[in-house]
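Overview (structure and organization)
So the chains spell out like this:
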Amino acid sequence: RCRDILQQLAQGPEATDSITHDIPLSELLRQAAVGLSNSRAVRVERWASGPPGAAEPSLRRKPELVHAVNCLAENAMDFATSKVQLHAAFDETWITLNVCDDGPGFAPEILPRLGEPYVTSRADADPSGVDHVGLGLGVFIARTFLERTGARVSFCNSPAGGAHVTARWPRKAIESP
């Protein structure tokens with residue numbers, strides 16, 4: 001799977017390929033939300049916010065950015081009990097993406113190593129009930145791709161319960177000129 005993903009990303013896109021176009025921040029969130037399979041009636045909330053009157057940034061639509069956001073959203077959906085939140089915030093200097101769910105959160109023993117290859121809390125019987133057995137490569141690939149776009153990525157458990165992933169970029173790293 002990893003090899004296939006990297007092979008797809010290594011192929012040069014054609015000039016007319018929609019993947020090369022800019023994408024508004026809220027559209028990135030919308031596309032990630034639309035791509036989620038939702039067989040368990042989990043509510044997906046998404047929004048982008050910034051200073052009053054500020055124009056929403058348009059991002060360079062890099063394949064690794066799109067894939068990473070989709071991967072994090074899918075993981076949140078897999079473990080959510082009833083809600084997934086995709087929230088992006090921006091100001092003059094930073095763009096921050098938060099992906100949160102209301103599931104069990106990250107297992108304490110793997111939290112310090114999240115984003116490394118083969119780190120997973122999924123066993124043969126997936127706790128999410130979606131029959132997904134993971135190798136711990138999805139979060140590794142997502143983190144790697146986000147860092148390649150200039151993001152700092154962090155993982156934590158929300159005090160209210162559930163997992164929380166944050167990616168934060170200097171605005172100039174991913175905003176279209």
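Scroll up for the structure.
The structure reproduced in this document is the subject of the present report. Source: prediction; values computed, not measured.

The next thing to look at is the packing of helix α3 (residues 63-79) against helix α4 (residues 138-148). Close contact between α3 and α4 brings their axes to 8 Å; oriented N to C, the two are set at 145°. Between α3 and α4 the crossing geometry is left-handed. Packed against α3, whose contacting residues are E64, L65, H67, A68, C71, L72 and N75, the element α4 presents G138, V139, I141, A142, F145 and L146 at the interface. Taken together, the residues of the contact of α3 with α4 break down into nine nonpolar, three polar and one charged.

As enumerated under the stated definition, the model contains one aromatic pair in all. Measuring from centroid to centroid gives 6.0 Å for F106 and F155, while their planes differ by 85°, and the two rings are edge-to-face. Note that F106 is positioned in the loop between β5 (94-101) and α4 and F155 in strand β6 (residues 152-157), a separation of 49 residues in sequence. Across the pair, exposure class does not vary: F106 and F155 are buried alike. The lysine or arginine in question, R168, covers the ring of W94, its NZ or CZ lying 4.0 Å from the ring centre.

L59, L86, L146 and W169 are the most contacted members of the largest nonpolar core, which has 44 residues in total. Per-element accounting of this core gives the leading share, nine residues, to α3. Those residues in contact with L86, other than ones at most four positions away along the chain, are L29, A32, A33, V44, E45, R46, W47, A73, N98 and V99.

Criteria and cut-off values
- Residues numbered from 1 in each chain as written.
- Predicted model: local features only at pLDDT ≥ 70, side-chain atom pairs only at ≥ 80, totals over all residues.
- Heavy atoms only, no water.
- Axes fitted to C-alpha atoms, helices over the stretch in contact; angles between N-to-C directions.
- Helix = DSSP H or I, 4+ residues; strand = E, 2+ residues; numbered from the N terminus.
- Left-handed = near helix turned anticlockwise from the far one by under 90°.
- Contact = heavy atoms within 4.5 Å.
- Nonpolar A, V, L, I, M, F, W, Y, C, P; charged D, E, K, R; others polar.
- Phe/Tyr/Trp six-rings, centres within 6.5 Å; stacked < 30°, edge-to-face > 60°.
- Buried < 20%, exposed > 50% of the residue type's maximum accessible area, 1.4 Å probe, protein only.
- Lys NZ or Arg CZ within 6 Å of the ring centre and 35° of its normal.
- Core = buried A, V, L, I, M, F, W, Y, C linked by side-chain atoms within 4.5 Å.

These results come straight from atomic positions and should not be treated as a statement about function.
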